[in-house]
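Listed below are the residues making up each chain.
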Amino acid sequence: MRERAVQRHDRLLALVRQRGSARVTDLADQLGVSPVTVRRDVEALTGKGLLDRVHGAVSWPRQRGRAADGRTPAAEGPVLGLLAPSATYYFADVIRGAHEAAARAGARLVLRISDYRPEEDPARAEGLLAAGAEGLLVAPGWRGPGDPAEYGGWVAGLPVPVVLLERSVPPGSPLAGLDRVCSDHGHGVLLALRHLIARGHAAPLLVARADSPTALAVREGYEAALRALGVPRPRPVIDSVPAELDPRGFERAVRELRAAVASGEVTAALVHNDVDAIQMVQRLAELGVRVPRDLALVAYDDEVAALADTPLTAVAPPKREVGRQAARLLLDRLSEGADAGPEPSPRRHLTLLPALRVRASCGAGAGARPDGPNRPDEPDGPDGPNGPDGPNEPNGPNGPKAPKSSDPEGV
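All figures in this text were calculated on a predicted structure; none of them were measured in a lab.

Parameters and conventions
- Residues numbered from 1 in each chain as written.
- Predicted model: local features only at pLDDT ≥ 70, side-chain atom pairs only at ≥ 80, totals over all residues.
- Heavy atoms only, no water.
- Helix = DSSP H or I, 4+ residues; strand = E, 2+ residues; numbered from the N terminus.
- Buried < 20%, exposed > 50% of the residue type's maximum accessible area, 1.4 Å probe, protein only.
- Contact = heavy atoms within 4.5 Å.
- Areas by Shrake-Rupley, 256 points an atom, 1.4 Å probe, with all protein chains shown as cover.
- Pairing = 2+ DSSP bridges.
- Axes fitted to C-alpha atoms, helices over the stretch in contact; angles between N-to-C directions.
- Parallel < 35°, antiparallel > 145°, perpendicular 65-115°, else oblique.
- Left-handed = near helix turned anticlockwise from the far one by under 90°.
- Nonpolar A, V, L, I, M, F, W, Y, C, P; charged D, E, K, R; others polar.
- Phe/Tyr/Trp six-rings, centres within 6.5 Å; stacked < 30°, edge-to-face > 60°.
- Lys NZ or Arg CZ within 6 Å of the ring centre and 35° of its normal.
- Expected span 1.5 Å × (residues − 1).
- Arc of directions from axis to C-beta.
- Core = buried A, V, L, I, M, F, W, Y, C linked by side-chain atoms within 4.5 Å.

Colleague: So what's going on with the overall build of the protein chain? Residues and values would help.
Modeller: Secondary structure summary: the protein chain contains 12 helices and 15 strands in total. Within the span of the protein chain, comprising 411 residues, buried residues form 53% of the whole. A sequence separation of at least 24 residues applies to 71% of the contacts in the protein chain between residues at least 6 apart. As displayed, the protein chain has an accessible area near 18300 Å², and 51% of this comes from carbon and sulfur atoms.

Encoded structure:
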């Protein structure tokens, strides 16, 4: 796949920043492009004040943050960089929350997207630093359980304050000492299972992906919730995949769930994520399994769950608040600056609790009590179809359009 110019610019900036200066011919060899392409890129980046050009070579600017004409701009608020794996679906609200908090503090937020390519995260971060970011909010584009170890070491070496977003790391990791703000997905799973069991169901079955940190956290939380509730696992977790990327795999998951319902072993399920859940409900109906008549179902994410034909009860991670709290924490770190004293303030691991938004898919009546902050007369919450963002664009009029279920963070 052909590399986009913005990706090449990030890699070029990373190389120059590491070396201090570099010849155009050397950069062309490192980037695998022609010297003409590098000269064109250098001209664009120099025009933005991101590089200095000196006698056939380029160097890192001696004066960060100056205007393209060389003048020093008037004093402004701090610049925060945000590296996210996606700007749609789950992370759209995280980004929106960070932007709101930054704007309230008079700060500017600069965004880079990794498209779930963790190997490109360092270059994206260098691009943010080159754009003047004084601190970074980082959600690496990890997918599998081994990615933090393989692709995470660079984060600990960043020269500016860092807050991890929606990413947990094991104890002993080089990243364990960084500030971080995360949703407690284990608590979200527990809310869903406890609600379904309270309605008379045996242990619900989990249908989930395994291609993102959120999916892995949901799976881990499921095992922990079963232990906490003292109920046995009904069947092994059903592996789900995006329908448009792997139609056969998706159909296999649907039929496995249908067989579990037909056997009488399963009357309730938790499905990660919303898009998979909606598509599964549609396909199950074609196969003769009706929600909630034959199967009570809870979705995980609550991005579009309220818009299904049968509105889906869903676990709603506090995505926007994660972004807000992370930006506030980073601003606090930046404000400490030289006033930190001999002992810097302790690092913080802030965990926010999801809510359960009760709707029709679990057989809830009008008087059902949701587990979480929403009152019975407000079952969908502020982001539901009756909230200010409206029914047709669940992420707001300026947010992303219809999410793709292939987004692994679907989260």
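Colleague: Before we move on, could you go through unusual backbone geometry and cite the residues and values that matter?
Modeller: Most peptide bonds take the trans form, and the phi angle of most residues other than glycine is negative. Cis geometry marks the peptide bond from His 272 to Asn 273, where omega comes out at 20°. In this model, Val 291 is joined to Pro 292 through a cis peptide bond whose omega is 5°. Relative to the helices and strands, Pro 292 resides in the loop between helix H11 (274–286) and strand E12 (296–300). Of note in the backbone geometry, Tyr 89 takes a positive phi value of approximately 50° without being a glycine. Not every positive phi belongs to a glycine, and Asp 301 is a case in point at roughly 130°. Examined against the element boundaries, Asp 301 turns out to sit in the loop between E12 and strand E13 (313–316).

Colleague: Can you tell me about the sheet that holds strand E10 (residues 238–239), naming the residues and giving the values?
Modeller: Taken in spatial order, the 6 strands line up as E10-E9-E11-E12-E13-E15 in an open sheet, and their pairing is mixed. Taken across any chain shown, the strands that pair with only one partner, and hence form the sheet edges, are E10 and strand E15 (355–357). Two strands pair when backbone bridges link them, and strand E9 (residues 205–208) and E10 are joined in this way by 2 bridges, in the parallel orientation. Among the inter-strand pairings, Val 207 is bridged to a residue of E10, identified as Ile 238. Running over the sheet, helix H8 (residues 185–198) touches strand E11 (268–272), E12, E13 and E15 and is turned about 165° from E12.

Colleague: Explain the packing of helix H4 (residues 90–104) against helix H12 (residues 319–336) residue by residue, including any values.
Modeller: Packed helices, taken two at a time, are described by the angle between their axes plus the distance between the axes. For the pair H4 and H12, the least separation of the axes is 6 Å and the interaxial angle reads 40°. Regarding the angle of H4 to H12, the classification is oblique. Two packed elements cross with a definite hand, and for H4 against H12 that hand is right-handed. In this structure, H4 uses Tyr 90, Asp 93, Val 94, Arg 96, Gly 97, Ala 98, Glu 100, Ala 101 and Arg 104 to contact H12, whose residues at the interface are Lys 319, Arg 320, Gly 323, Arg 324, Ala 327, Arg 328 and Leu 331.

Colleague: Describe the packing of H8 against helix H9 (residues 213–229), and please don't skip the residues or the numbers.
Modeller: Close contact between H8 and H9 brings their axes to 8 Å; oriented N to C, the two are set at 50°. Classified by the angle their axes make, H8 and H9 are oblique. In this structure, the crossing between H8 and H9 has a hand that is right-handed. Note on element contacts: H9 touches H8 through Thr 214, Ala 217, Val 218, Gly 221, Tyr 222, Ala 225, Leu 226 and Leu 229, opposite His 185, Gly 186, Val 189, Leu 190, Leu 193, Arg 194 and Ile 197. Of the residues that constitute the contact of H8 with H9, the class distribution is 10 nonpolar, 4 polar and 1 charged.

Colleague: Go over the packing of aromatic side chains with me, naming the residues and quoting the values.
Modeller: Scanning the model with the defined rule gives 1 aromatic pair in all. Positioned above the aromatic ring of Tyr 90 is the side chain of Lys 319, whose terminal nitrogen or guanidinium carbon lies 5.3 Å from the ring centre.

Colleague: Which residues make up helix H10 (residues 247–262), and what values do they have?
Modeller: Every α-helix winds through 3.6 residues per turn, so residues three or four apart in the chain are directed the same way. If you check H10, its first and last C-alpha atoms are 22 Å apart, about what 16 residues at 1.5 Å a residue would give, namely 22 Å. Burial in H10 covers these residues: Gly 249, Phe 250, Ala 253, Val 254, Leu 257, Ala 260 and Val 261. For H10, the angular spread of buried residues about the axis comes to 140°, placing them on one side. Along H10, exposed side chains directed more than 90 degrees from the buried face belong to Pro 247, Arg 248, Arg 252 and Ala 262.

Colleague: I'd like to hear about the side chain of Glu 126, residue by residue, with values.
Modeller: Within the secondary structure layout, Glu 126 lies in helix H5 (residues 121–130). When its relative accessible area of 11% is taken as the criterion, Glu 126 is described as buried.

Colleague: Before we move on, can you summarise the environment of Val 58 with the specific residues and values?
Modeller: Of note, Val 58 is situated in strand E3 (residues 57–59). Residues Val 58 and Val 24, 34 residues apart in the sequence, show an inter-C-alpha distance of 7.1 Å. Dropping the residues within four chain positions of it, Val 58 is found in contact with Val 16, Gly 20, Ser 21, Ala 22, Leu 27, Val 42, Asp 52 and Arg 53.

Colleague: Outline the nonpolar core, listing residues and values.
Modeller: Counting residues in hydrophobic clusters, the biggest one holds 56 residues, and the most contacted among them are Leu 137, Leu 295 and Leu 312. In contact with Leu 295, not counting residues within four places along its chain, are Leu 257, Val 261, Val 266, Thr 267, Ala 268, Ala 269, Leu 284, Val 289, Arg 290 and Ser 361. Counting residues in hydrophobic clusters, the runner-up holds 22 residues, among them Leu 206, Ala 208, Val 218 and Ala 268.

Colleague: Just give me the short version of the sheet that holds strand E4 (residues 79–84), but keep the residues and values in it.
Modeller: Spatial ordering of the open sheet is given by E5-E4-E6-E7-E8-E14, a layout of 6 strands whose pairing is parallel. Every interior strand has two partners, whereas the edge strands, strand E5 (108–113) and strand E14 (349–352), have only one. The average undirected angle you get between the axes of adjacent strands in this sheet is 20°. In this sheet, strand E8 (residues 179–183) lies alongside strand E7 (residues 162–165) in parallel orientation, the contact comprising 3 bridges. Bridge pairing links Leu 165 to Val 181 in E8. Sitting on the sheet, H12 touches E4, strand E6 (135–138), E7, E8 and E14, and the angle it makes with E8 is about 170°.

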